[in-house]
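Below are the chains, spelled out letter by letter.
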Amino acid sequence: MDMVKELYVDSIAFSYSSNREPLLTGVYLKCSPGDVIALLGRNGCGKSTLMKIIFGTLKAHHSFIRLNGEKVDKCYRTKKVGYLPQHSFLPPSEKVCKLIALLVDNPLDRDKLLSGDRIQEIKDRKVYQLSGGERRYLELQLLINQPTDFLLLDEPFSGLEPIYKTLMSELIALHQTHKGFIISDHNYRDVLDVASQIVLLQNGGCRYIRDQKELEYFYVPEGTFEQKR
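Analysis parameters
- Residues numbered from 1 in each chain as written.
- Predicted model: local features only at pLDDT ≥ 70, side-chain atom pairs only at ≥ 80, totals over all residues.
- Heavy atoms only, no water.
- Pairing = 2+ DSSP bridges.
- Helix = DSSP H or I, 4+ residues; strand = E, 2+ residues; numbered from the N terminus.
- Axes fitted to C-alpha atoms, helices over the stretch in contact; angles between N-to-C directions.
- Contact = heavy atoms within 4.5 Å.
- Salt bridge = Lys/Arg side-chain N within 4 Å of Asp/Glu carboxyl O.
- Buried < 20%, exposed > 50% of the residue type's maximum accessible area, 1.4 Å probe, protein only.

Trainee: Summarise the sheet that holds strand β2 (residues 24-31); cite the residues concerned and give the values.
Mentor: Backbone hydrogen bonds are what pair the strands of a sheet, in a parallel or an antiparallel way. One open sheet accounts for four strands, arranged β2-β1-β4-β5; its pairing is antiparallel. Two strands lie at the open edges of the sheet, namely β2 and β5 (70-72), each paired on one side alone. On average, adjacent strands in this sheet sit at an angle of 20° to one another, irrespective of strand direction. Strand direction decides the pairing type here: strand β4 (residues 62-67) and β5, joined by three bridges, are antiparallel. The partner of arginine 66 across the bridge, within β5, is lysine 71.

What follows is the structure in C-alpha coordinates.
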(Lines give C-alpha, C1' and ligand atoms only; values in the text may rest on other atoms or scores of the structure.)
Protein backbone atom coordinates (compact mmCIF):
# COMPACT_ATOMS: atom_id res chain seq x y z
CA MET A 1 0.00 0.00 0.00
CA ASP A 2 1.32 3.43 -0.94
CA MET A 3 2.13 5.77 1.93
CA VAL A 4 -0.32 8.64 2.28
CA LYS A 5 1.60 11.90 2.11
CA GLU A 6 0.29 14.60 4.42
CA LEU A 7 1.61 17.47 6.51
CA TYR A 8 -0.64 17.68 9.57
CA VAL A 9 -0.22 20.51 12.08
CA ASP A 10 -2.32 20.87 15.22
CA SER A 11 -2.40 22.63 18.58
CA ILE A 12 0.39 25.10 17.78
CA ALA A 13 0.75 27.55 20.68
CA PHE A 14 3.39 30.27 20.81
CA SER A 15 4.20 33.59 22.46
CA TYR A 16 7.38 35.63 22.16
CA SER A 17 7.38 36.35 25.90
CA SER A 18 5.46 35.23 28.95
CA ASN A 19 4.00 38.68 29.63
CA ARG A 20 2.67 39.24 26.10
CA GLU A 21 -0.57 38.15 24.48
CA PRO A 22 -0.13 34.71 22.85
CA LEU A 23 0.56 34.97 19.12
CA LEU A 24 -0.65 31.48 18.18
CA THR A 25 -3.24 29.63 20.23
CA GLY A 26 -4.03 26.21 18.81
CA VAL A 27 -3.32 26.48 15.09
CA TYR A 28 -4.62 23.63 12.91
CA LEU A 29 -3.47 23.14 9.32
CA LYS A 30 -3.41 20.21 6.91
CA CYS A 31 -1.69 20.01 3.52
CA SER A 32 -1.46 17.21 0.95
CA PRO A 33 0.27 17.01 -2.44
CA GLY A 34 -1.96 18.89 -4.87
CA ASP A 35 -2.84 21.55 -2.28
CA VAL A 36 -1.70 25.13 -2.68
CA ILE A 37 -2.75 26.82 0.55
CA ALA A 38 -2.87 30.60 0.68
CA LEU A 39 -1.96 31.48 4.27
CA LEU A 40 -3.24 35.02 4.71
CA GLY A 41 -3.39 37.40 7.64
CA ARG A 42 -2.58 40.89 8.81
CA ASN A 43 0.95 42.04 9.61
CA GLY A 44 2.17 40.55 12.87
CA CYS A 45 -0.47 37.82 13.07
CA GLY A 46 2.17 35.06 13.08
CA LYS A 47 2.39 33.72 9.51
CA SER A 48 6.20 33.68 9.37
CA THR A 49 6.37 32.40 12.94
CA LEU A 50 4.05 29.52 12.06
CA MET A 51 6.17 28.54 9.06
CA LYS A 52 9.35 28.54 11.16
CA ILE A 53 7.64 26.36 13.78
CA ILE A 54 6.45 23.89 11.14
CA PHE A 55 9.90 23.77 9.53
CA GLY A 56 11.53 23.30 12.93
CA THR A 57 13.77 26.35 13.27
CA LEU A 58 11.57 27.89 15.99
CA LYS A 59 10.31 25.97 18.99
CA ALA A 60 6.66 26.35 19.94
CA HIS A 61 5.37 26.20 23.50
CA HIS A 62 3.15 23.38 22.32
CA SER A 63 2.78 21.66 18.95
CA PHE A 64 1.77 18.46 17.26
CA ILE A 65 3.20 17.90 13.77
CA ARG A 66 2.75 14.70 11.80
CA LEU A 67 4.53 14.22 8.47
CA ASN A 68 3.51 11.36 6.19
CA GLY A 69 2.00 9.51 9.12
CA GLU A 70 4.86 9.98 11.59
CA LYS A 71 5.10 12.48 14.43
CA VAL A 72 8.09 14.82 13.98
CA ASP A 73 9.65 17.62 15.99
CA LYS A 74 11.79 19.27 13.30
CA CYS A 75 10.57 18.83 9.74
CA TYR A 76 13.81 20.05 8.20
CA ARG A 77 15.61 16.95 9.50
CA THR A 78 13.37 14.73 7.36
CA LYS A 79 14.30 16.59 4.13
CA LYS A 80 10.67 16.21 3.11
CA VAL A 81 9.74 19.83 3.87
CA GLY A 82 11.42 22.83 2.25
CA TYR A 83 11.26 26.41 3.44
CA LEU A 84 11.71 29.63 1.46
CA PRO A 85 12.33 32.43 3.97
CA GLN A 86 11.61 36.09 3.29
CA HIS A 87 15.30 36.91 2.95
CA SER A 88 17.72 35.27 0.52
CA PHE A 89 19.51 32.17 1.80
CA LEU A 90 22.06 31.94 -1.04
CA PRO A 91 25.73 32.95 -0.63
CA PRO A 92 26.04 36.19 -2.64
CA SER A 93 29.51 35.51 -4.09
CA GLU A 94 28.72 32.02 -5.43
CA LYS A 95 28.02 31.32 -9.10
CA VAL A 96 24.56 30.09 -10.07
CA CYS A 97 25.88 27.03 -11.93
CA LYS A 98 27.95 25.96 -8.92
CA LEU A 99 24.99 26.29 -6.56
CA ILE A 100 22.89 24.11 -8.85
CA ALA A 101 25.69 21.53 -9.00
CA LEU A 102 25.99 21.54 -5.20
CA LEU A 103 22.32 21.60 -4.24
CA VAL A 104 20.54 19.51 -6.90
CA ASP A 105 21.60 15.88 -6.48
CA ASN A 106 19.55 14.26 -9.23
CA PRO A 107 21.52 14.62 -12.50
CA LEU A 108 18.39 14.60 -14.64
CA ASP A 109 16.81 17.39 -12.58
CA ARG A 110 20.11 19.28 -12.63
CA ASP A 111 20.47 19.07 -16.41
CA LYS A 112 16.84 20.04 -16.97
CA LEU A 113 17.22 23.03 -14.67
CA LEU A 114 20.43 24.22 -16.33
CA SER A 115 18.91 23.92 -19.79
CA GLY A 116 15.88 26.11 -18.97
CA ASP A 117 15.81 29.49 -20.71
CA ARG A 118 15.80 31.63 -17.54
CA ILE A 119 18.57 29.71 -15.81
CA GLN A 120 20.62 29.62 -19.03
CA GLU A 121 20.65 33.42 -18.96
CA ILE A 122 22.04 33.63 -15.41
CA LYS A 123 24.02 30.41 -14.86
CA ASP A 124 27.44 32.08 -15.15
CA ARG A 125 26.57 35.01 -12.89
CA LYS A 126 27.11 35.31 -9.16
CA VAL A 127 24.14 35.61 -6.83
CA TYR A 128 24.83 39.28 -6.01
CA GLN A 129 24.64 40.07 -9.74
CA LEU A 130 21.05 38.82 -10.03
CA SER A 131 17.93 40.96 -9.92
CA GLY A 132 15.43 40.32 -7.14
CA GLY A 133 13.22 38.33 -9.47
CA GLU A 134 16.07 36.26 -10.87
CA ARG A 135 17.31 35.43 -7.38
CA ARG A 136 13.87 34.50 -6.05
CA TYR A 137 13.15 32.34 -9.11
CA LEU A 138 16.47 30.55 -8.63
CA GLU A 139 15.73 29.97 -4.93
CA LEU A 140 12.35 28.46 -5.73
CA GLN A 141 13.85 26.26 -8.45
CA LEU A 142 16.51 24.99 -6.07
CA LEU A 143 13.91 24.12 -3.43
CA ILE A 144 11.48 22.52 -5.85
CA ASN A 145 14.27 20.32 -7.21
CA GLN A 146 14.85 18.79 -3.78
CA PRO A 147 13.20 15.47 -2.78
CA THR A 148 10.58 17.35 -0.75
CA ASP A 149 6.87 16.60 -0.49
CA PHE A 150 5.93 20.02 0.93
CA LEU A 151 7.15 23.59 0.51
CA LEU A 152 6.59 26.54 2.83
CA LEU A 153 6.98 29.80 0.88
CA ASP A 154 7.21 33.03 2.88
CA GLU A 155 6.67 36.17 0.76
CA PRO A 156 7.75 34.55 -2.54
CA PHE A 157 6.17 37.28 -4.72
CA SER A 158 7.12 40.34 -2.66
CA GLY A 159 8.86 43.05 -4.68
CA LEU A 160 9.15 40.99 -7.87
CA GLU A 161 8.79 42.17 -11.45
CA PRO A 162 5.51 40.99 -13.06
CA ILE A 163 7.31 38.54 -15.37
CA TYR A 164 8.86 36.75 -12.40
CA LYS A 165 5.59 36.64 -10.52
CA THR A 166 4.17 34.82 -13.55
CA LEU A 167 7.15 32.46 -13.79
CA MET A 168 6.92 31.65 -10.07
CA SER A 169 3.18 30.95 -10.36
CA GLU A 170 3.77 28.68 -13.37
CA LEU A 171 6.49 26.80 -11.51
CA ILE A 172 4.21 26.19 -8.53
CA ALA A 173 1.38 24.99 -10.79
CA LEU A 174 3.77 22.67 -12.66
CA HIS A 175 4.82 20.87 -9.46
CA GLN A 176 1.48 21.04 -7.66
CA THR A 177 0.52 17.52 -8.70
CA HIS A 178 3.22 15.90 -6.57
CA LYS A 179 4.00 18.53 -3.91
CA GLY A 180 1.94 20.49 -1.39
CA PHE A 181 2.50 24.22 -0.93
CA ILE A 182 1.74 26.63 1.92
CA ILE A 183 2.26 30.20 0.71
CA SER A 184 2.11 33.45 2.61
CA ASP A 185 2.48 36.85 0.96
CA HIS A 186 1.28 40.41 1.58
CA ASN A 187 0.48 40.52 -2.14
CA TYR A 188 -2.55 38.37 -1.46
CA ARG A 189 -3.87 38.54 -5.03
CA ASP A 190 -0.72 36.81 -6.32
CA VAL A 191 -1.23 33.99 -3.81
CA LEU A 192 -4.95 33.69 -4.51
CA ASP A 193 -4.22 33.32 -8.23
CA VAL A 194 -2.46 29.99 -7.57
CA ALA A 195 -4.26 28.81 -4.42
CA SER A 196 -6.57 25.81 -4.17
CA GLN A 197 -7.41 26.60 -0.52
CA ILE A 198 -7.51 29.78 1.55
CA VAL A 199 -6.63 29.90 5.24
CA LEU A 200 -6.81 33.11 7.27
CA LEU A 201 -4.60 33.30 10.35
CA GLN A 202 -6.63 35.40 12.79
CA ASN A 203 -6.72 35.77 16.59
CA GLY A 204 -4.11 33.05 16.98
CA GLY A 205 -5.89 30.38 14.95
CA CYS A 206 -6.73 29.34 11.39
CA ARG A 207 -10.04 30.13 9.72
CA TYR A 208 -10.70 28.15 6.55
CA ILE A 209 -12.21 30.40 3.86
CA ARG A 210 -14.57 28.77 1.35
CA ASP A 211 -14.92 31.74 -0.99
CA GLN A 212 -12.77 34.81 -1.62
CA LYS A 213 -15.76 37.04 -0.82
CA GLU A 214 -15.57 35.86 2.80
CA LEU A 215 -12.24 37.67 3.10
CA GLU A 216 -14.16 40.95 2.89
CA TYR A 217 -15.63 40.22 6.34
CA PHE A 218 -12.26 39.59 7.99
CA TYR A 219 -9.29 40.75 5.92
CA VAL A 220 -9.80 43.07 2.92
CA PRO A 221 -12.10 46.07 2.28
CA GLU A 222 -15.69 45.44 1.26
CA GLY A 223 -16.06 45.31 -2.51
CA THR A 224 -12.52 44.03 -3.15
CA PHE A 225 -13.78 40.99 -5.01
CA GLU A 226 -16.79 42.57 -6.72
CA GLN A 227 -17.06 41.34 -10.28
CA LYS A 228 -16.69 44.02 -12.90
CA ARG A 229 -19.68 44.36 -15.19
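Once the structure has been displayed, the description carries forward.
Trainee: Describe the sheet that holds strand β6 (residues 81-84), and please don't skip the residues or the numbers.
Mentor: Ordered in space as β6-β7-β8-β3-β9-β10, the six strands form an open sheet in which the pairing is mixed. On the outer flanks of this sheet lie β6 and β10 (205-209), each paired with one strand and no other. Between one strand axis and the next, the sheet turns by 20° as a mean value, whatever way the strands run. Pairing of β6 with strand β7 (residues 150-154) involves four bridges; the strand directions are parallel. What sits directly across from glycine 82, in β7, is leucine 151. Each of β3 (36-40), β6, β7, β8 (180-184) and β9 (197-202) touches helix α1 (residues 47-55); the most contacted strand, β7, lies at about 150° to it.

Trainee: Lay out the pattern of salt bridges with the relevant residues and their values.
Mentor: When their charged atoms lie close together, side chains carrying opposite charge are able to pair. For the structure on display, the rule yields 10 salt bridges. Residue glutamate 214 pairs with arginine 210 through a salt bridge whose shortest N-O separation is 3.4 Å. Residue glutamate 214 is classed as buried on the basis of its relative accessible area, which comes to 17%. For the salt bridge of glutamate 216 with lysine 213, the shortest nitrogen-to-oxygen distance reads 3.2 Å. Overall, the relative accessible area of 14% leaves glutamate 216 in the buried class. The class of lysine 213 is partly exposed, set by a relative accessible area of 32%.

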